[in-house]
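Here is how the chains run, residue by residue.
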Amino acid sequence: MADRLALVVLISGRGSNLQAIVDAAQGDLPIDIRAVISNRPEAAGLARAAEAGMETRVLDHSLYRSRADYDRALQTLIDSFEPDLVVLAGFMRILSPAFVNHYQGRMLNIHPSLLPAFPGLDTHEKALEAGVREHGASVHFVTEEVDGGPLVIQARVPILPKDTPEVLAARVLEQEHRIYPQAIRWFAEGRLRIEGNTVLLDGRPAVGVKNRDW
Ligand code: GRF
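All values derive from a computational prediction rather than experimental measurement.

Undergrad: When you look at the packing of helix H1 (residues 16-26) against helix H6 (residues 165-188) in this model, what are you seeing that I'm missing?
TA: Geometrically, a packed helix pair is captured by the angle between its two axes and the distance between the axes. Taken N-terminus to C-terminus, the directions of H1 and H6 make an angle of 50°; their axes are 9 Å apart at the nearest point. When the axis of H1 is compared with that of H6, the two are oblique. The handedness of the crossing between H1 and H6 is right-handed. Contacts from Ser16, Asn17, Ala20, Ile21 and Ala24 of H1 reach H6 at Leu173, Glu176, His177, Tyr180, Pro181 and Ile184.

This is the structure in structure tokens:
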């Protein structure tokens, strides 16, 4: 598996993005998922990972006295798998600066909005309340600013007149499952470079231009 990108995936819940990545790995995405780590013992995604024959670990944040303590333990656990890339797939924790900086340029997150619009929680409710006509999902490199790192890829969906947060979330989630494997593929192929707060794909801004191959 030496020619495959080594991944550690962090989850907190359902794990549908993890599943999309696992499915892509069982197709032609050249990755080796070394471990799936959850901060919640009850995360449904752990069962999906185990079913797919993956190494799983639980590191329960409620057993640690401080964020810094937890993040240090998490970093040690992640690094024991020697990943090339850390993938946050519904990992619902704020990360400390030391942790984020340790994985600078090699940690991705997916967020259910068209960042920089609607960082944080409840993005679908916020989009409906704001009355915007378009919504979507973004994959970005993780920086100290929550949901503020350089964007790798976005997918847009329309907001329709009768949308509820649930209906809209499902429309966005379908796109998440498409763009996360795509972002990981670009990383694996060595096609991404970070310049300031911009990600370059093959030397051109990755977001804001029409990408040729997805
Ligand atoms: C997704 O909407 C993701 O964008 C957000 O948390 C949710 C996780 O869903 N960060 P799942 O656990 O991947 O199904």
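Still more ground to cover, so stick around.
Undergrad: Would you mind going over the site of the ligand with me for this structure?
TA: Around the ligand, a shell composed of Arg14, Gly15, Ser16, Asn17, Gly90, Ile110, His111, Pro112 and Glu176 is seen. A distance of 2.8 Å separates an oxygen atom of the ligand from a polar atom in the backbone of Asn17. Within the side chain of Glu176, one N or O atom sits 2.7 Å away from an oxygen atom of the ligand. Expressed as a share of its isolated accessible area of 370 Å², the protein-covered part of the ligand is 86%. For the shell around the ligand, the secondary structure elements donating two or more residues are H1 and strand S5 (107-111).

Undergrad: When you look at the sheet that holds strand S8 (residues 192-195) in this model, what are you seeing that I'm missing?
TA: Hydrogen bonding along the main chain pairs the strands of a sheet, whether they run parallel or antiparallel. What the 3 strands build is an open sheet, ordered S8-S9-S10; its pairing is antiparallel. Both edges of this open sheet fall to S8 and strand S10 (204-205), since each of them pairs with a single strand only. Pairing analysis gives 4 bridges linking S8 to strand S9 (residues 198-201), with the strands arranged antiparallel. By the bridge assignment, Leu192 is partnered in S9 with Leu201.

Thresholds applied
- Residues numbered from 1 in each chain as written.
- Predicted model: local features only at pLDDT ≥ 70, side-chain atom pairs only at ≥ 80, totals over all residues.
- Heavy atoms only, no water.
- Axes fitted to C-alpha atoms, helices over the stretch in contact; angles between N-to-C directions.
- Helix = DSSP H or I, 4+ residues; strand = E, 2+ residues; numbered from the N terminus.
- Parallel < 35°, antiparallel > 145°, perpendicular 65-115°, else oblique.
- Left-handed = near helix turned anticlockwise from the far one by under 90°.
- Contact = heavy atoms within 4.5 Å.
- Near = heavy atom within 4 Å.
- Polar contact = N/O pair within 3.5 Å; in protein donor to acceptor, adjacent residues only side chain to side chain.
- Areas by Shrake-Rupley, 256 points an atom, 1.4 Å probe, with all protein chains shown as cover.
- Pairing = 2+ DSSP bridges.

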